[in-house]
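# A look at the structure
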Amino acid sequence: MSPIYTPGKVVLRKTWQPMDADAAAYITAVETADGQALEEKVKIAIDNFILGCKADGIWSAIKASCILAGARTLAGALVPLVGTAPTNFNFVAGDYNRETGLVGDGSTKYLGSNRNNNADAQDNQHVSVYASNYTSTTQYLIGGGANNPGASNIGYNSGSFYRSRNNSSITGVGSNVPGFIGISRAGSSSFFGRNTSVTAAYLSTSQTPANAGISVFASDVQTGARSNSRLAFYSIGESLDLALLDARVTDLINAFGAAIP
């Protein structure tokens, strides 16, 4: 039996002991892909992230996700945290950094999440990423459907822009700074977007979800506007509290920075 985890309390551990079955299974899968063990503090950071998401009540809403950092190898980073493993289009080992994630090239490199934009209900969806850096050109960070009816995506140019079950883009609050960025829809008339630690509501009537695979570093398989940013996390699934997910993901990436030699 795993030790009891009390929500709201910080678990201080010098050595990793499995406190959650999902965390233990994920860590084992990453270590198998890496061919070696992770550092104790990296494992503790992952454990605390999953436990924290469960305590916050947002874990079950995450249906497809990868932590694109922490693992020792690119193969380990592409082990799914939840859902199906992504399909790697042209990323190589040199594109991966354990602390800051995976960097695109704005051209041929992207991940296919293997989750369709219509897998979640029309008025019940979120997508998010953690961007370790941005560049200045117009690019998609994650999405499906591009600018077609019912599209869902996150991108940036001079600032963030969002589409949530709609073909019209909406300029988001905040500038292009490193960190968490996400959208979440739980109703037909509006959705929430979060960037630079600010959550805002946006009026946008939902449309029938586009039948398109969600890609990371791109929107579907559209060849234009692919991203050359560096991403350390992505998630796709049902609607959730973006501020809670932001806090958990940001703590996780910061913990990797402190734990990795």
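Everything that follows concerns the structure shown earlier in this document.
Residues numbered from 1 in each chain as written. Predicted model: local features only at pLDDT ≥ 70, side-chain atom pairs only at ≥ 80, totals over all residues. Heavy atoms only, no water.

## What about helix H1 (residues 21-34)?
The end-to-end C-alpha distance of H1, which contains 14 residues, comes to 20 Å, matching closely the 20 Å that a straight helix rising 1.5 Å per residue would cover. Those residues of H1 not exposed but buried are Ala23, Ala24, Tyr26, Ile27, Val30, Glu31 and Asp34. Each buried residue of H1 sits inside an arc of 165 degrees when the element is viewed along its axis, so together they form one side. Exposed residues pointing more than 90 degrees away from the buried face of H1 are listed as Ala21 and Thr32. The inward-facing, buried residues of H1 contact helix H2 (40-56), strand S1 (62-67) and helix H3 (74-77). (Helix = DSSP H or I, 4+ residues; strand = E, 2+ residues; numbered from the N terminus. Expected span 1.5 Å × (residues − 1). Buried < 20%, exposed > 50% of the residue type's maximum accessible area, 1.4 Å probe, protein only. Arc of directions from axis to C-beta. Contact = heavy atoms within 4.5 Å.)

## Remarks on the sheet that holds strand S10 (residues 170-171)
Note: strands within a sheet are paired through backbone hydrogen bonds, in either parallel or antiparallel orientation. What the 7 strands build is an open sheet, ordered S2-S5-S14-S7-S8-S9-S10; its pairing is antiparallel. This sheet does not close on itself; its edge strands, each paired only once, are strand S2 (87-89) and S10. Bridge analysis of S2 against strand S5 (residues 110-116) gives 3 bridges, and the strand direction is antiparallel. Considered in S5, the bridge of Phe89 is made with Tyr110. (Pairing = 2+ DSSP bridges.)

## Quick look at H2
Its 17 residues place the ends of H2 24 Å apart at the C-alpha level, agreeing with the 24 Å of an ideal helix rising 1.5 Å per residue. Buried within H2 we find Val42, Lys43, Ile44, Ala45, Ile46, Asp47, Phe49, Ile50, Leu51, Gly52 and Cys53. Elements that come into contact with the buried residues of H2 comprise H1, S1, strand S15 (230-237) and helix H4 (242-259). Once H2 ends, the next one or two residues include Gly57, with phi positive near 80 degrees.

## What about the packing of H2 against H4?
The geometry of H2 relative to H4 is characterised by a closest axis approach of 9 Å and an angle of 170 degrees between their N-to-C directions. Taken as axis vectors, H2 and H4 run roughly antiparallel relative to one another. Seen from H2, the contacting residues are Lys41, Val42, Ala45, Ile46, Phe49, Gly52, Cys53 and Asp56; seen from H4, they are Leu244, Arg248, Val249, Leu252, Ala255, Phe256 and Ala259. Classifying every residue of the contact of H2 with H4 gives 11 nonpolar, 1 polar and 3 charged. (Axes fitted to C-alpha atoms, helices over the stretch in contact; angles between N-to-C directions. Parallel < 35°, antiparallel > 145°, perpendicular 65-115°, else oblique. Nonpolar A, V, L, I, M, F, W, Y, C, P; charged D, E, K, R; others polar.)

## A closer look at the nonpolar core
Among the nonpolar cores identified, the biggest contains 67 residues, and Ile46, Phe49, Leu81, Leu111, Ile142, Tyr234 and Phe256 are the most heavily contacted of them. With 7 residues, H4 is the largest single contributor of residues to this core. (Core = buried A, V, L, I, M, F, W, Y, C linked by side-chain atoms within 4.5 Å.)

## Focus: the pairing of strand S8 (residues 152-156)
When you tally the buried positions in S8, you get 5 out of 5 residues, the bulk of the element. Side chains Ser152, Ile154 and Tyr156 project from S8 onto one buried face, and the interleaved Asn153 and Gly155 project onto a second face that is buried too. Direction of pairing for strand S7 (residues 139-144) relative to S8: antiparallel, over a ladder of 5 bridges. In the strand pairing of S8, Ile142 is matched with Ile154. Strand direction decides the pairing type here: S8 and strand S9 (residues 160-164), joined by 5 bridges, are antiparallel. When the sheet's bridge partners are listed, Ile154 is paired in S9 with Tyr162.

## Side note on the packing of aromatic side chains
A ring pair, where both rings are aromatic, is described by two values, the distance of the centres and the angle of the planes. By the definition in use, this model includes 7 aromatic pairs. A centroid spacing of 4.5 Å and a plane angle of 10 degrees characterise the contact between Phe89 and Tyr110, whose relative ring orientation is stacked. One end of the pair, Phe89, is in strand S2; the other, Tyr110, is in strand S5, with 21 residues separating them in the sequence. Here Tyr140 and Phe161 contribute two aromatic rings whose centre-to-centre distance is 5.9 Å and whose plane-to-plane angle is 75 degrees, an arrangement assigned as edge-to-face. Here Tyr140, found in strand S7, pairs with Phe161, found in strand S9; they are 21 residues apart in sequence, far enough to count as distant. The pair Tyr140 / Phe161 is uniform in exposure class, with both members buried. One aromatic cluster is present, formed by Tyr162, Phe191 and Tyr202 through successive ring pairs. (Phe/Tyr/Trp six-rings, centres within 6.5 Å; stacked < 30°, edge-to-face > 60°.)

## A look at the side chain of Asp20
Structurally, Asp20 is set in the segment before H1. Residue class for Asp20 comes out buried when judged on its relative accessible area of 9%. A polar atom in the side chain of Asp20 sits 2.9 Å from the backbone nitrogen of Asp22. (Polar contact = N/O pair within 3.5 Å; in protein donor to acceptor, adjacent residues only side chain to side chain.)

## Section: the environment of Val177
Here Val177 is to be found in the loop between S10 and strand S11 (179-185). Taking the relative accessible area as the measure of exposure, Val177 reaches 31% and is therefore partly exposed. For the pair Val177 and Asn195, spaced 18 residues apart in the sequence, the C-alpha separation amounts to 8.5 Å. If near-sequence neighbours (up to four positions away) are discounted, Val177 is found in contact with Tyr134 and Thr196.

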